[in-house]
Amino acid sequence: MLRWAQAALSRRSLLLGGGAATIGATTICTSKTVAQEGHGNHGAPATAPMSATMPSQHSAHGAMITVGTVDNDRNGFHPTKILTDWYTGTVTDLPGGRKLRTFEIAAEDKEIEIAPGVMFPAWTYNGRVPGPALRATEGERLRIVFRNYGSHPHSMHFHGIHAARMDGVPGAGLIAPGEEFVYEFDAKPFGCHLYHCHALPLARHLHKGMYGLFVIDPDPARHLDNAEVAKSRLYGSPENADWQELAMIMNAFDTNFDGENEFYACNTIAHCYAKEPIRIEKERPVRIYLVNITEFDPINSFHLHGNFFDYFDQGTTLTPTLRMVDLVMQCQAQRGILEFTYREHEAGLYMFHAHQSEFTELGWMGMFDVVETLS
């Protein structure tokens, strides 16, 4: 049986549960987190709680899962809603008819619960970890108004194409507490991208939670040789409505700041999609925008049970870079798009997880609940 905390709070030498240990602002409530045995938009997937009486073959990775629930209301964000909660900003017209898309982002310090009873002193964008999933269309002008309400200097560094003065590094877009900066650049290239704080020390700002997904949809008019695929990725189009799209960021948390992670997750909350599986309608294809932002481990991975997917590395092509794979590895900041379907599968629970067993047992594992129709 897995035990989640230990005297030195190391991930590799685990202590029997009981009591609580506190280091800094982080409290590990071991009595709530020992392992148990057994067990949006466009018609977005829903989740359903995993029943305590569910048959053992549907138990979550054997006997290894956190016990209890996280208070999502206190956190101010819910991992299920994060899957489909795209932030599209405010769109206005520029002279000549070009679109200007404006986003407003604020940095703030916030304590969040990352596993039942485990609090983490995060640094956040818009009060959540990961930050809001920004979505724009290729060719638009983007304006990001960034305000720093936190206690340390912060920035926003976008993985994309922009001028040096918009790079969000020390000397170019790094702002002090109480200040504001406006990043402005064109939305290119299309793809699945990332933004994060680039203040020093970089590892600290990243693992504390300052990152988010940044998607630029292809403009079908610019890709006439593959217009139907481009239309299927264009948010709000009829073709896009056929897809079940999910925003998933693989992350981890070093709760005692010793340079090793104690918890791993997808979208922050350990085992959240094991306890509340993601509902998938079997007749509609699935598209995952997947990002790895894990600090202190060189590689993370995504493995899909009972199925295979096409993978678009960085999302900057309309044809797959990998076809028919069930596992993909990503280094930190690597990202891509996964596409697959359950159309020919029977309904049921299908697992997904990192294929590093330690990551899985420490929180990075979930289930797709494939159903005939979404109710």
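An unreviewed UniProt entry lists the protein under the name Copper-containing nitrite reductase, from Sinorhizobium fredii. As its UniProt record puts it under Sequence similarities (unreviewed entry), the protein is described as follows: "Belongs to the multicopper oxidase family." On record in UniProt, under Subunit (unreviewed entry), the comment for the protein is "Homotrimer."

Asker: Quick rundown of the state of the cysteines? Include the residues and the values.
Answerer: Here the structure, examined in full by the defined rule, presents zero disulfides. The closest cysteine sulfur to the non-disulfide-bonded Cys266 is located on Cys272, 6.8 Å from its own sulfur.

Asker: Explain the packing of aromatic side chains to me, and be specific about the residues and the numbers.
Answerer: Across all of its chains, the model carries 23 aromatic pairs by this definition. Considering the side-chain rings of Phe120 and Phe253, the 5.1 Å spacing of their centres and the 70° angle between planes classify their relative orientation as edge-to-face. In this pair, Phe120 is assigned in strand β6 (residues 118-125) and Phe253 in strand β13 (residues 244-253), connecting sequence segments 133 residues apart. An identical accessibility class is assigned to Phe120 and Phe253; each is buried. On the basis of an interplanar angle of 70° and a centroid distance of 6.1 Å, the ring pair of Phe158 and Tyr183 is categorised as edge-to-face. Taken together, the residues span a long stretch of sequence, with Phe158 in strand β9 (residues 157-158) and Tyr183 in strand β10 (residues 180-186) at a distance of 25 residues. On the basis of relative accessible area, Phe158 is assigned to the buried category, the value being 1%.

Asker: Before we move on, could you go through the pairing of strand β16 (residues 286-292) and cite the residues and values that matter?
Answerer: Of all the seven residues making up β16, seven are buried; the element is thus mostly covered by neighbouring parts of the structure. Of the two faces of β16, the one holding Val286, Ile288, Leu290 and Asn292 and the one holding Arg287, Tyr289 and Val291 are both buried throughout. Summarising the sheet, β13 and β16 pair through seven bridges and their orientation is parallel. By the bridge assignment, Met248 is partnered in β16 with Leu290. Sheet topology note: the β16/strand β21 (residues 335-340) ladder contains six bridges and is antiparallel. By the bridge assignment, Ile288 is partnered in β21 with Leu338.

Asker: So what about the sheet that holds strand β15 (residues 278-281)? Which residues, and what values?
Answerer: Strand order in the open sheet formed by five strands is β15-β23-β22-β17-β20, and the pairing between neighbours is mixed. Lying at the two open borders of the sheet, with one neighbouring strand each, are β15 and β20 (327-331). For this sheet the average axis-to-axis angle between neighbouring strands, irrespective of direction, equals 25°. Across two bridges, strand β17 (residues 299-304) lies against strand β22 (residues 348-353) in antiparallel orientation. Bridging from a neighbouring strand, Leu304 pairs with Phe352 of β22.

Asker: Report on the pattern of salt bridges, specifying residues and quantitative values.
Answerer: Throughout the structure, instances matching the rule amount to 20 salt bridges. Taking the shortest distance from any N to any O, the salt bridge between Arg98 and Asp186 comes out at 2.5 Å. Here the residue Arg98 occupies a position in the loop between β4 (90-93) and β5 (99-115), and Asp186 occupies one in strand β10, the gap between them amounting to 88 residues. A relative accessible area of 33% means that Arg98 is categorised as partly exposed. By relative accessible area, which is 22% here, Asp186 ends up partly exposed.

Asker: Hey, could you go over the environment of Ala106 for me, with residue numbers and the actual values?
Answerer: Relative to the helices and strands, Ala106 resides in strand β5. Given the relative accessible area of 16%, Ala106 is considered buried. When the C-alpha positions of Ala106 and Gly150 are compared, they lie 8.5 Å apart, and in sequence the two are 44 residues distant. Sequence-distant contacts of Ala106, that is, excluding residues within four places in its chain, are made with Thr124, Tyr125, Asn126, Phe146, Arg147 and Tyr149.

Asker: Tell me about the UniProt feature "binding site: Cu cation" (unreviewed entry) in the protein, and please be specific about residues and values.
Answerer: According to UniProt, the positions carrying the feature "binding site: Cu cation" (unreviewed entry) are His154, His159, His196, Cys197, His205, Met210 and His355. On the secondary structure map, His154 appears in the loop between β8 (141-148) and β9. Judged by relative accessible area, which is 1%, His154 ranks as buried. What His154 contacts, discounting residues up to four positions off in sequence, is Ala107, Trp123, Phe146, Asn148, Gly173, Leu174, Ile175, Cys197, Ala199, His205 and Met210. In this structure, His205 sits in helix α4 (residues 202-207). In this structure His205 comes out as buried when scored by relative accessible area, which is 2%. Dropping the residues within four chain positions of it, His205 is found in contact with Trp123, His152, Pro153, His154, Cys197, Ala199, Leu200 and Met210.

Asker: Please set out the sheet that holds strand β11 (residues 191-196) residue by residue, giving values where relevant.
Answerer: In space, the five strands of this open sheet follow the order β3-β7-β12-β11-β9, with mixed pairing throughout. Looking along the sheet, the strands with just one partner apiece sit at the ends: β3 (86-87) and β9. Of the pairings in the sheet, the one linking β3 to strand β7 (residues 133-137) comprises two bridges and is parallel in character. Residue pairing in the sheet places Trp86 in a bridge with Ala133 of β7.

Reading the values: the criteria
- Sequence order as written defines the numbering, with residues in each chain counted from 1.
- Reporting in this predicted model follows two pLDDT cut-offs: at least 70 for local features of residues, and 80 or more for side-chain atom pairs to be given and counted; totals over whole chains, interfaces and linings ignore these cut-offs and use all residues.
- Calculation of side-chain values draws on the structure's entire complement of heavy atoms; hydrogens and water are dropped beforehand.
- UniProt positions are given in the numbering used here, feature names are shortened, and annotations may be inferred rather than shown by experiment.
- Two cysteine sulfur atoms form a disulfide, by the criterion used here, when they sit within 2.5 Å.
- When two rings of Phe, Tyr or Trp (its six-membered ring) have centres within 6.5 Å they constitute a pair, described as stacked for plane angles under 30 degrees, edge-to-face for angles over 60, and tilted for the intermediate range.
- Every helix listed is a DSSP run of H or I at least four residues long, and every strand listed is a run of E at least two residues long, numbered separately from the N terminus.
- The cut-offs for exposure are 20% and 50% of the maximum accessible area for each residue type, with area from a 1.4 Å probe on protein chains only; residues under the lower value are buried, those over the upper are exposed, and the others partly exposed.
- For two strands to count as paired, DSSP must find a minimum of two bridges between them.
- Between N-to-C directions, angles cover 0 to 180 degrees, with each direction set by a line fitted to C-alpha atoms, over the stretch in contact for helices.
- The salt bridge definition used is simple: a Lys or Arg side-chain nitrogen within 4 Å of an Asp or Glu carboxyl oxygen.
- When checking whether two residues touch, look at their non-hydrogen atoms; a contact exists if any pair is within 4.5 Å.

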